[in-house]
Amino acid sequence: MKYISFFLSLFVTTNMGAQIIKNKESAILEVHYIKTTVTDTLKYRSYSDLMTLRVGKTSAMFYPTKRMWADSLLQSNYALYEKLHREMNPVGQTEYKPIGGIEREFLFRNINDGETMVYRKIAGDAYSYTELTDHPVWELASETKEIMGYICQLATCNYRGRIWKVWFSPDIPINEGPWKLFGLPGLVLEANDEKNHYTYKAIGLYTQNLQPVGIRLYIRNRPYKLKFRQEYLQKMYKEPVGGINLS
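A quick note: this is a predicted structure, and the numbers were derived from the prediction, not measured. (Residues numbered from 1 in each chain as written. Predicted model: local features only at pLDDT ≥ 70, side-chain atom pairs only at ≥ 80, totals over all residues. Heavy atoms only, no water.)

*Asks:* What's the story with the pairing of strand β2 (residues 29-40) in this structure? I'm lost.
*Replies:* Along any regular strand the residues' side chains alternate between the sheet's two faces. With nine of twelve residues buried, β2 lies mostly within the body of the structure. Bridging between β2 and strand β3 (residues 45-55) involves eleven bridges; their strand directions are antiparallel. Note on β3: the bridge partner recorded for I34 is L50. (Buried < 20%, exposed > 50% of the residue type's maximum accessible area, 1.4 Å probe, protein only. Helix = DSSP H or I, 4+ residues; strand = E, 2+ residues; numbered from the N terminus. Pairing = 2+ DSSP bridges.)

What follows is the structure in structure tokens.
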């Protein structure tokens, strides 16, 4: 099937290096989640990062909040970026603390065209691929619980090799959620896989003073465009510091 990718058409270069900024539409909702990832299943080591889901009428973006801020600062104010980096990583400190957090994956979904673009830096190089959006097949349960003052319903699915359990609120009639966990009759406020390797918990909902939805990548070099998700996953598994991966 031959189709023209909307997201590839958005890859335009501005005056600042290979920065890729293209607004598609106004946002109607922004959700902040805490994502916790288990990096060592034997010693149960984990890290947590703040993630943002920004939703428009025909598109959505999901990205690591601190990473986008840090990338933007690196492009716009290098001196301040270096100052903050040195403060977080003084001489003699053994543990490296990235100013933008650990999460690096960005998702941009065009709902009308049914396409999703994924971007990530892997071992210092930037990569992206575009795929037809794969909708999870959900099974609804009768169980409910309250999250952030909203009554949420349980739903489960087997998606990308993992069993997922999510809690969505029919009172927020937006069929979006963190990562690629969308397509329910309400916003997903919590999610975790069966083994709790990945968890998402909403901590804030916002409808005012929102930035637009679109592609926003503050980068120095254009990403390598991969044809298939499998190529992307293979590169991730070969990272020196890695572990289990979603995507």
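Still to come is the rest of the account.
*Asks:* Please clarify how the packing of aromatic side chains should be interpreted in this entry.
*Replies:* For any pair of aromatic rings, geometry is given as the distance between the ring centres together with the angle between the planes. As enumerated under the stated definition, the model contains seven aromatic pairs in all. Ring geometry for Y33 versus F62: centroids 6.2 Å apart, planes at 75°, classification edge-to-face. Of this pair, Y33 sits in strand β2 while F62 sits in strand β4 (residues 59-64); the two residues are 29 residues apart in sequence, bridging distant segments of the chain. By the burial criterion, Y33 is buried, and F62 matches it. Measuring from centroid to centroid gives 5.7 Å for W164 and W179, while their planes differ by 40°, and the two rings are tilted. (Phe/Tyr/Trp six-rings, centres within 6.5 Å; stacked < 30°, edge-to-face > 60°.)

*Asks:* What is the right way to look at the environment of K35 in this model?
*Replies:* By the secondary structure assignment, K35 is in strand β2. Residue K35 is classed as buried on the basis of its relative accessible area of 7%. Considered as a pair, K35 and P64 are 29 residues apart in the sequence and their alpha carbons are 9.2 Å apart.

*Asks:* I would appreciate a short explanation of the packing of helix α2 (residues 65-76) against helix α3 (residues 78-88) in the present structure.
*Replies:* Angle between the axes and distance between the axes: these two values describe a pair of packed helices. Closest axis-to-axis distance for the α2/α3 pair is 5 Å, and the angle between their directions is 130°. The orientation of α2 with respect to α3, classified from their angle, is oblique. Residue-level inspection shows W69, A70, L73, L74 and S76 of α2 in contact with α3, the latter providing Y78, L80, Y81 and L84. (Axes fitted to C-alpha atoms, helices over the stretch in contact; angles between N-to-C directions. Parallel < 35°, antiparallel > 145°, perpendicular 65-115°, else oblique. Contact = heavy atoms within 4.5 Å.)

*Asks:* Explain the confidence of the model for the chain to me, please; I cannot follow it from the model alone.
*Replies:* The predicted coordinates ought not to be read in detail in places where the model reports low pLDDT. Put simply, the chain has an average pLDDT of 83, and 83% of its residues get 70 or more. Across residues 1-17 the pLDDT falls below 50, and counting only partners more than four positions away or on other chains, this stretch makes 40 contacts in the model. (pLDDT = per-residue confidence, 0-100.)

*Asks:* Whenever I open this one, the pattern of salt bridges confuses me. Can you help?
*Replies:* Pairs may arise between side chains of opposite charge once their charged atoms sit close together. Under the defined criterion, the tally for this structure stands at eleven salt bridges. The shortest N-O distance in the salt bridge between D71 and R67 comes to 3.6 Å. Remark: R67 and D71 occur in helix α2; sequence separation between them is four residues, near one turn of the helix. Among the ionic pairs, E131 bridges to K180, the shortest N-O distance being 3.0 Å. Here E131 is found in strand β7 (residues 125-132), whereas its partner K180 is found in the loop between β10 (162-169) and β11 (187-193), with 49 residues between them in sequence. The exposure class assigned to E131 is buried, which follows from its relative accessible area of 12%. When salt bridges that share partners are traced, they join E131, D134, R160 and K180 into one network. (Salt bridge = Lys/Arg side-chain N within 4 Å of Asp/Glu carboxyl O.)

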